[in-house]
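Below, each chain spelled out in residue letters.
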Amino acid sequence: MALPFVLGLAVGAGAIVAFNKSDKLKEVAGNLFNKSKDVANSSLEKSKETVEDVKQTINATAQCIKEKKEQAALEEAKEETEAKKVSVKRGRKPKAKEE
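The shown structure was predicted, so the numbers you read here are calculated from the model rather than taken from an experiment.

Enquirer: How should I be thinking about the overall build of the chain in this particular structure?
Expert: Each helix and strand counted, the chain has two helices and zero strands in total. Put simply, the chain shows about 9,800 Å² of open surface, and 61% of that area lies on carbon and sulfur atoms.

The following block contains the structure:
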């Protein structure tokens, strides 16, 4: 029967201590909130920087691939042109010498 009384006394004492230190608790909670907000903002900024770096890398890679495709197409066209020239030269019959 004494246990509920002691428990009530402890809870009441805790409530009084919390009420007396409410200003300090508000200050600590406010500081904790501000720190959390700062961490969130810095994480957001780092994420934005990372996204920008990834975008630049993807764009540079796409540009490189595009340039290589264009270069390969030019080389292929050049090879086809050279192959046509060679086939035309080989297909010619030598002129008969007139005597």
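Enquirer: How should I be thinking about a negative patch on the surface in this particular structure?
Expert: Negative charge collects at one region of the surface, where Glu75, Glu76, Glu79, Glu80 and Glu82 lie side by side. Topologically, Glu80 is positioned in helix H2 (residues 22-91). By relative accessible area, Glu80 is classed as partly exposed at 46%.

Enquirer: In this structure, what is going on with a nonpolar patch on the surface? I would like to understand it.
Expert: A cluster of nonpolar side chains, Phe5, Val6 and Leu9, forms an exposed patch at the surface whose accessible area comes to about 340 Å². One can find Leu9 in helix H1 (residues 2-20). What makes Leu9 exposed here is its relative accessible area of 56%.

Parameters and conventions
One numbering rule holds for all chains: residues counted from 1, following each sequence as written. Selection of residues for local features in this predicted model requires a pLDDT of at least 70, selection of side-chain atom pairs for listing and counting requires 80 or more, and totals for whole chains, interfaces and linings are taken over all residues. Side-chain metrics rest on all non-hydrogen atoms present in the structure, leaving aside hydrogens and water. Put simply, DSSP marks the helices as runs of H or I at least four residues long and the strands as runs of E at least two long, and each gets a number from the N terminus on. The protein chains shown are the only cover counted for residues, whose accessible areas, like all others here, come from Shrake-Rupley with a 1.4 Å probe. Patches draw on residues past 30% relative accessible area with no salt bridge. Two like charges within 9 Å are joined, as are two nonpolar side chains (Val, Leu, Ile, Met, Phe, Trp, Tyr) within 5 Å. When a carboxyl oxygen of Asp or Glu lies within 4 Å of a side-chain nitrogen of Lys or Arg, that pair is called a salt bridge. In this charge count, Lys and Arg are treated as positive and Asp and Glu as negative; neither His nor the chain ends contribute. Lys charges are placed at NZ, Arg charges at CZ, Asp charges at CG and Glu charges at CD. Burial here depends on accessible area, computed with a 1.4 Å probe over protein chains only, as a share of the maximum for the residue type. Under 20% is buried, over 50% is exposed, and the range in between is partly exposed.

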